[in-house]
Every structure is written in structure tokens, then in C-alpha cells.
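Tertiary structure, described
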Amino acid sequence: MSRILIKDVTKAFGDVVVLSHFDAEFVDGSFITLLGPSGCGKTTMLRMLAGFEKPTMGEIYIGDQEVSSEKNFVPPERRDIGMVFQSYAVWPHMTVFENVAYPLKMKKMGKQEIKKLVDEILEIVHLSQYTQRVPSQLSGGQQQRVALARALVAKPKLLLLDEPLSNLDAKLRDSMRFEIKEIQKQLGITVVYVTHDQLEAMTMSDQVIVINKGCIQQVGTPTDIYRHPENQFVADFVGKINFLPAESKNQKLTFKHSNQQIPYGGDLIGDVVVGIRPENIRFVSMKGDLTGTLVSKFYLGDVNDCRIDIGGELIRVIAEPKSFDTCKEGETFNLRIDEFMVFKDSGDDFHTKILT
Ligand SMILES: Nc1ncnc2c1ncn2[C@@H]1O[C@H](COP(=O)(O)OP(=O)(O)OP(=O)(O)O)[C@@H](O)[C@H]1O
């Protein structure tokens, strides 16, 4: 019973509105990520779910219970929620076992019951052989798993994770992503995960909520938000993308700088911005959609990361190295565009970001 309903929640600190008309419903047992840049309001939403902050307007339901209003307010300790934050703060003077047992002791459970539950959860997070170590004898990833086990041991309805991997190195982050997802699936628990890292959001989530400046930009599966972003902000935030200003007329898009044209079957007319992900552009030997000159390429092992001048502007192309290793800077190529998206020109300057 951990369906979460957030109904038209607005949060202001003084005069400053940091979250505006936030609506969301999280299905029981799903993994939801709040994704957005620093300061967009992700942590504030999480803190309201936890009960550390109250909404200025709107309501939050956990299961069927309204928990956030003055009248019905349920304090954090009675929300049946597990939490892990960026600084995982395991107690340094306690062993792994004692750290994980702590929330159960607070609930005044019997010794045997505590041992059973702690052993169970330590098995799940692969720490059974470390029960008697103190945190300083563990790696960062292991300490983070202690924090996870402590958050999960009382079998909460809901687990809140606020950038829990940001203190770990890249390799550990990689493996912890899979571990967290595995644990969530195994326990069937609802997880709300906060991050500004799109890779974390894409790999773990059933549903991603993209937020900017306190407003939801899009709610969708990782595939939805990557392949069908609703606006330029989302397209830009969840991956690499070329934005090219163009004019849409007579079922053609004419790129403003290069004057090159591609066919377009959509219904936006006039000034638009065409978004093309670098991996959706291919070098072809026959006639393509565009022509361009190779300005630079960087060998990244699995791919080449290229800059192509299509006439007055540079685009980024991620090309497989096999067919491309011998190509030289200054050569001209035909390019095929496999997939693109078209946005109404918002006037925002997303245009140069791709090359930085
Ligand atoms: N208690 C508070 N009083 C006043 N302003 C606050 C308070 N808590 C947060 N804010 C402001 O609310 C905005 C949103 O903060 P929040 O921590 O939710 O963002 P975030 O998206 O989680 O950012 P980050 O990724 O950097 O943690 C920020 O501008 C922040 O300064």
C-alpha cells in the first residue's frame, strides 16, 4: 500500500516559490526518479514526502492516507519511510550489525526478531560477511550499502533516496546503480530517487519526472523522455543533442545557417528548432539528407565523436569507428538523419550547448 499521490503541491519559502503545482502519482512498487538541475526543487519534494517540510498548498497521500495538511499531518517517524541521503552518515562507532539494527532497537523489537531481520537485509545487500566491522573498515560502496540496509530493515512502504551515489567514484556508482535496482525489484518496494544525473535516471527508473525551476517539464518512461521529449529543456537535459534553427514550410525544414533541407511530415510551421541526437546521424556513401565537412574527430574507443560543418554551423556526430577510422579532417561526407525532433522556437539559447 505505498501508492503515492501528490495533488497540486506548491511550496514557497517566504516569497520564493520553489515548487509550483506539482502533480504526480507513483504506482505501488515502481521506481520513480525526480530529475533536474541543481536548485530545481527535487530535494524539497522529497523532504515533503518524508514529512520534514509541509506543502504551502496541495496535498500528499501515502496509500489512502492524506499526510501533509495541518489537520492530518503525519510526522516523519510515523510515515513508514526509509531514507538514504547523499552523505550516507553511518555511525562510525557502531558495527555494521549495530548500524542496521538501530531502527529496530528504536522500535523496541526483541533481540531474536532484530537478528533475523538484520541478517535478512544484510544478505540482500551482500554484506553478511562484514557484520562485525566498523564503517572505517569498509569501502565507500559498502558503507552506502550499510545505509541502504539500515533504511530498508524495518520494511518501509517507501524508500526515498537523495543523490545516494554522488560521493562514490564512477566505477562504484556504476555497480551500485544495478544493485539498488536489483534490491528494489527483489523487495517490490516503491522508490523515489532524486538525482541530476540523467544516466542514473535512465538506467533505474520506471518513471522519470523532469523538473526545471520548480515546474514539471515531463513525466514519462526513460524511453519517452529520451526519444520524445516534450520541449527543448528535456531534450537537452536527458542526453546530447544538436539544436538547429530552421524554417518549416511546404513539408520541408530548411536549416537557417546552411540552407540545407530535409523532408518533414509534422504540423509545426514557421520558425522551429530541429533537435538531432548525435547517434542518429550516419555517414553514408550514397546521397544523404545533408552534406558536411569533417572538422575534428575524437577517438573514444567504442565510437568516434565528430564535429561536422554543415555550412555555417557545426553539428556533433557519434560515429562507429569501424568504417570511419581512415577518414580525414577536411573531407566532405553525406549524412543520413535516422531520427529527429522538431520544437517550436522558444527563443531560449540552447543552440550552442552541444559543442561545449
Ligand atoms: N529551508 C529553505 N529556506 C529557503 N530556501 C530554501 C530552503 N530549502 C531549499 N530552498 C531553496 O529552494 C530551491 C530548491 O532547493 P532544492 O534543495 O529542493 O533543490 P534541488 O533540486 O534538490 O537541488 P540540488 O540538486 O542542488 O540538491 C533552492 O533555490 C533552495 O535554495
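Quick note: structure is the one above.
Here's a quick rundown of the structure. Quantities reported herein were computed from a predicted structural model and do not represent experimental measurements.

Neighbouring the ligand are Phe13, Val18, Gly36, Ser38, Gly39, Cys40, Gly41, Lys42, Thr43, Thr44 and His196. At 3 residues, helix H1 (residues 42–50) tops the list of elements feeding residues into the shell around the ligand. Split by residue class, the shell around the ligand holds 3 nonpolar, 7 polar and 1 charged.

We now examine the environment of Val67. Here Val67 lies in the loop between strand S5 (65–66) and strand S6 (81–84). When neighbours within four sequence positions are excluded, Val67 is seen to be in contact with Gly51, Ile60, Tyr61, Ile62, Asn72, Phe73, Val74 and Arg79.

Okay, the pairing of strand S8 (residues 190–195) next. Counting buried residues in S8 gives 6 out of 6 residues, a clear majority hidden from the surface. One ladder, built from 5 bridges, connects strand S3 (residues 31–35) with S8; its direction is parallel. Residue pairing for S8: Ile32 is matched across the bridge by Val192. Sheet topology note: the strand S7 (residues 158–162)/S8 ladder contains 5 bridges and is parallel. Bridge pairing in S8 links Leu160 to Val192.

The sheet built from 4 strands is open, its strands ordered S2-S1-S4-S5 with antiparallel pairing. Where the open sheet ends on each side, the last strands, each with one partner, are strand S2 (16–26) and S5. Of the pairings in the sheet, the one linking strand S1 (residues 4–13) to strand S4 (residues 57–62) comprises 5 bridges and is antiparallel in character. Residue Lys7 lies in a different strand from S4, and its bridge partner there is Glu59.

Once that is clear, we can look at helix H3 (residues 111–124). With 14 residues, H3 should cover 20 Å at 1.5 Å per step; its first-to-last C-alpha distance of 20 Å lies within 8% of that length. Considered for burial, the residues of H3 that qualify are Ile114, Val118, Ile121 and Leu122. Take H3 and look down its axis: the buried residues cluster within an arc of 100°, on one side only. For H3, exposure combined with an orientation more than 90 degrees from the buried face picks out Gln112, Glu113, Lys116 and Glu123. Against the buried residues of H3 lie helix H2 (96–106) and helix H4 (140–152).

Moving on: the sheet that holds strand S15 (residues 281–284). Pairing is antiparallel in the open sheet, where 5 strands are placed in the order S15-S19-S16-S17-S18. If you trace the sheet from one side to the other, it starts and ends with S15 and strand S18 (314–319), each paired once. Between one strand axis and the next, the sheet turns through 50° on average, direction left out of account. Pairing analysis gives 4 bridges linking S15 to strand S19 (residues 332–337), with the strands arranged antiparallel. Bridged to Val284 within S19 is Asn334.

Cut-offs and rules
- Residues numbered from 1 in each chain as written.
- Predicted model: local features only at pLDDT ≥ 70, side-chain atom pairs only at ≥ 80, totals over all residues.
- Near = placed C-beta within 6 Å.
- Helix = DSSP H or I, 4+ residues; strand = E, 2+ residues; numbered from the N terminus.
- Nonpolar A, V, L, I, M, F, W, Y, C, P; charged D, E, K, R; others polar.
- Contact = placed C-beta atoms within 7 Å.
- Buried ≥ 20, exposed ≤ 12 C-beta atoms within 10 Å, placed from the backbone.
- Pairing = 2+ DSSP bridges.
- Expected span 1.5 Å × (residues − 1).
- Arc of directions from axis to C-beta.
- Axes fitted to C-alpha atoms, helices over the stretch in contact; angles between N-to-C directions.

Structural measurements only, silent on function.
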